[in-house]
Every structure is written in structure tokens, then in C-alpha cells.
Amino acid sequence: MDPRDSVVLGLGLAVCIIVVLANLMVMIAIFMNRRFHFPIYYLLSNMAAADMFAGIAYANLMMNTGPWTSRLTKEQWYIRGALIDISLTASVANLLAVAVERHQTIMTMQLHSKMSKRRVLLLIVCIWVVSIFMGLVPSTFWNCECDLNDCSTVAPLYSRKFLIFWAVLNLLTFFIMVAMYARILYYVRSRYSSPHTSEMNHSQAVLNLMKTIFMVLGAFVICWTPGLVILLLDGLLGKDGHANIYEKFCLVIAECNSLVNPIIYTLHDEEMRSTFKSILCCPCRGYPGQQRALSPVVDSPSPEETHGCLHKTEEARRASQNTNNYLTMLEA
């Protein structure tokens, strides 16, 4: 093995391991912290699962590319490509589901959706069914085995028509999501411009959650758009597009996206950061979501909790006053 290939393989596998572990941490944090038990976080957990799957797909790609490509059978080559396709489709579908959930929730002036867990689970299952189907399309019926002139240069067994369809579909989905989030942001700023404290607090909670999602969406678009453009050029121009020259660089950028999302959650979401610290440092003390402290981003005290606290405070004040009166009587 060439020393340069060994270095690339070692670094690539190291990054893949970090990707898998980091996204696994996100999934564990959302599962363990009850303040994350809402549809939006279930979808974000599913996105972390897609990123973790992408890390596995990249590891498989690293071990079956370059000098090892010639040793692959046709079935192994299709599996290698299908894993990447499934992870990308799952990420895009999750982002679209998050966008729809946020649009529906915020337009009805809520912080979290009232969607039942059964519906969220059904939605997640549908996302993976569609992703697996899209990953299997090239190996089953939409390839260039019967028309070699239609073969791609980036993915030699893939049909150029399929690459055009796939790239256009994903880019169109990006534009739809950006338009939906732009409408949500405009609505939030106009709707919650009231000086009332309750509406300001709700607005801040919505905006904090939206910032995290915006950053996840922005990172995804930045990391994956170059690769999709390369696939589109390859599908339209074929060998004249020289897409294979930039393929590896675009793949590295796309791989970074699976590592960026856990960093975004850690740096921007204080509750998630606290949960990570609890998992890594002191799991025996419990998780932030199990304590009484409230997160300004994820949760807020209910009217019943507020009334209960005021009632207990009033009882304590009366008990203290009665005690003072009793001591005064004794002194007299």
C-alpha cells in the first residue's frame, strides 16, 4: 500500500469514528433528557442517526476506494454507492420534515408540536423507507449497464439521467426549505414584536430553537451543494465536465457535515451541552432534564407549576409570621 494512501485511510477512518461517536452522543442526550422529548427533537435525533449512518458509509467508502476499487465486484460497488445515497436522502428528508414541523408549529403560535409519538415514529419510518428506496434505485433499474454512453464519470455504473434527477430533486428541496424558513423568520419577527414579557419570552425561546435549526440547515446546504452541483454537471456534460477532478474534494466537504451538526448542538444549545457534560463526566448525578432547573430554550414553567410555587411561598410566609407571633407572646 502506498504511504499516502495509508495516511488518507487512517485520517478518514479516524474522522468517521468521531462522526459516529459524536452523533451517537446526540441521540443518547435526546433520549436521556426529558426536556428533549418533543417531536422536533425526535426528528433531530433521527437526523443524527442519518449522520451516524453517513459516518459508517464513509468508512466503507474509504476502505473500498482508490487502489481497492478495482477489486470490487459489481454488487459491492452498488452497495458502496447506495450507502452514501441513503445517508444523503435521509438527511434531506429529515431537514424537510423539520421544516414542515416548524412551519406548522410556529404558525399556530406554539413552541412544540402536539404531534403524537406514534405519528412521529411513522414519519421517521417513512423517511428511512424512502431513503432506502432511493439508494436502491441505481442498482435495480436506473443504471447504464445497457447503455454505456449514458454512464457517469463520477459514478461509472450510474445513469447520467439519474444523477440529473437526483441532484435537481435535492437542490429543489434545499430551495423549498430555505423559503419556508425565511417565511417562518419573517412571521416570528412580526408576530412577536409585542413588548409584553410573556410574548417576548416565547419569542426568545422560538428564536433560540430556530437559530440551531438554521445553523444545521445552513451547514448542510454549504457542505452538500458543491457535491450536488458536481453531479449535475457530470449528468449534463459527461466527460466534458471533468467532474471527477473535484469529486474527492466535494466528498470531503460533504463528510464534514456529519461532524458539524453535533458541534452546532454543543455550542449553541446550552441544555444539550449540559446533557453532554452529564453523560461524559458525572452520569451518577442525573441529567439536567431530570432536575428542577428550567431551560430557557426547551422548556418553560407551566401555569400550574407557577401557581404551586406561589402557593408554597405564601404558606411559608404565613408559617414564619405565626412563629414570630408565638415567640412574641412567650416573651410577653
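Just so we're clear, the structure is a prediction, and the values are computed from it rather than from any experiment.

A. View of the overall build of the protein chain. Along the protein chain, the regular secondary structure elements total 9 helices and 0 strands. Its helices and strands taken in sequence order, the protein chain reads α-α-α-α-α-α-α-α-α from the N to the C terminus. Burial status across the protein chain gives 42% buried among its 332 residues. Relative to all contacts within the protein chain whose residues are 6 or more apart in sequence, the contacts with residues 24 or more apart total 78%. Accessible area for the protein chain stands at about 18400 Å²; split by element, carbon and sulfur atoms hold 67% of it.

B. The arrangement of the UniProt feature "transmembrane region" (unreviewed entry) in the protein chain in detail. Taking the numbering used here, the UniProt-annotated feature "transmembrane region" (unreviewed entry) corresponds to residues 6–31, 38–58, 78–100, 120–142, 162–188 and 209–233. Between the C-alpha atoms that bound residues 38–58 the distance is 30 Å, and the span itself is 95% helix and 0% strand. Structurally, residues 78–100 is divided into 100% helix and 0% strand, and its ends, taken at the C-alpha atoms, are 32 Å apart.

C. Highlighting the packing of helix H2 (residues 39–62) against helix H4 (residues 117–140). Relative orientation of the contacting elements H2 and H4 amounts to 25°, with a least axis distance of 10 Å. The angle between the axes of H2 and H4 places the two elements in the roughly parallel class. The interaxial crossing formed by H2 with H4 has right-handed handedness. In contact with Pro39, Tyr42, Leu43, Asn46, Ala49, Ala50 and Phe53 of H2, H4 contributes Lys117, Val120, Leu123, Ile124, Ile127 and Trp128.

D. Expanded view of the packing of helix H3 (residues 74–107) against H4. With their axes 8 Å apart at the nearest point, H3 and H4 run at an angle of 145° to one another. The hand of the H3/H4 crossing is right-handed. Listed contacts from H4 to Tyr78, Ala82, Asp85, Ile86, Thr89, Ala90, Ala93, Asn94 and Ala97 of H3 are Leu123, Ile127, Trp128, Val130, Ser131, Ile132, Met134, Gly135, Pro138 and Ser139.

E. Just the packing of aromatic side chains, in detail. Evaluation of the coordinates by the stated rule reveals 11 aromatic pairs. Ring geometry for Phe162 and Trp166: centres 6.5 Å apart, planes at 15°, overall stacked. Taken together, the positions of Phe162 and Trp166, both in helix H5 (residues 160–191) and 4 residues apart, correspond to about one turn of that helix. Phe162 gets classed as buried once you look at its relative accessible area, which sits at 1%.

F. Quick look at a nonpolar patch on the surface. Taken together, the side chains of Ile17, Leu21, Leu24 and Ile28 make up a nonpolar region of the molecular surface, amounting to roughly 330 Å² of accessible area. Here Leu24 shows up in helix H1 (residues 3–32).

G. Representation of the state of the cysteines in the model. In this structure the tally under the stated criterion is 1 disulfide. Paired through a disulfide, Cys144 and Cys151 show a sulfur-sulfur distance of 2.0 Å. In this structure, the disulfide formed by Cys144 and Cys151 twists by about 100° around the S-S bond and is classed as right-handed. The pair Cys144 / Cys151 is uniform in exposure class, with both members buried. You can see Cys223 has no disulfide; the closest cysteine sulfur is in Cys256, sitting 6.2 Å from it. Judged by its relative accessible area of 9%, Cys223 is buried.

H. Representation of the pattern of salt bridges. Per the counting criterion, the structure on display carries 2 salt bridges. Ionic pairing is found between Glu101 and Arg102, a salt bridge with its closest N-O pair at 2.8 Å. An identical accessibility class is assigned to Glu101 and Arg102; each is buried.

I. Just H2, in detail. Helix length check: H2, at 24 residues, gives a terminal C-alpha distance of 34 Å against a target of 34 Å (1.5 Å per residue), a fit within 8%. Here H2 lies mainly inside the structure; 21 of its 24 residues are buried.

J. The arrangement of the side chain of Asn23 in detail. Of note, Asn23 is situated in helix H1. On the basis of relative accessible area, Asn23 is assigned to the buried category, the value being 0%. In terms of polar contacts, Asn23 uses its side chain to reach the backbone carbonyl oxygen of Ser258, at 2.9 Å. Once you skip the residues sitting within four places of it in the chain, Asn23 turns out to touch Ala48, Asp51, Met52, Ser258 and Pro262.

K. Summary view of the nonpolar core. Counting 67 residues, the largest nonpolar core has Val98, Phe174 and Tyr181 as the members making the most contacts within it. Put simply, the parts of the chain that give this core at least two residues each are H1, H2, H3, H4, H5, helix H6 (197–237), helix H7 (247–268) and helix H8 (270–280). The greatest single-element share of this core, amounting to 12 residues, is contributed by H2. Beyond its immediate sequence surroundings of up to four residues, Tyr181 is in contact with Leu95, Val98, Ala99, Arg102, Met210, Ile213, Phe214 and Leu217.

Rules of the game
Residues numbered from 1 in each chain as written. Predicted model: local features only at pLDDT ≥ 70, side-chain atom pairs only at ≥ 80, totals over all residues. Heavy atoms only, no water. Helix = DSSP H or I, 4+ residues; strand = E, 2+ residues; numbered from the N terminus. Buried < 20%, exposed > 50% of the residue type's maximum accessible area, 1.4 Å probe, protein only. Contact = heavy atoms within 4.5 Å. Areas by Shrake-Rupley, 256 points an atom, 1.4 Å probe, with all protein chains shown as cover. UniProt positions renumbered as here; feature names shortened; annotations may be inferred. Axes fitted to C-alpha atoms, helices over the stretch in contact; angles between N-to-C directions. Parallel < 35°, antiparallel > 145°, perpendicular 65-115°, else oblique. Left-handed = near helix turned anticlockwise from the far one by under 90°. Phe/Tyr/Trp six-rings, centres within 6.5 Å; stacked < 30°, edge-to-face > 60°. Patch = residues over 30% accessible without salt bridge, like charges linked within 9 Å, V, L, I, M, F, W, Y side chains within 5 Å. Salt bridge = Lys/Arg side-chain N within 4 Å of Asp/Glu carboxyl O. Disulfide = S-S within 2.5 Å. Expected span 1.5 Å × (residues − 1). Polar contact = N/O pair within 3.5 Å; in protein donor to acceptor, adjacent residues only side chain to side chain. Core = buried A, V, L, I, M, F, W, Y, C linked by side-chain atoms within 4.5 Å.

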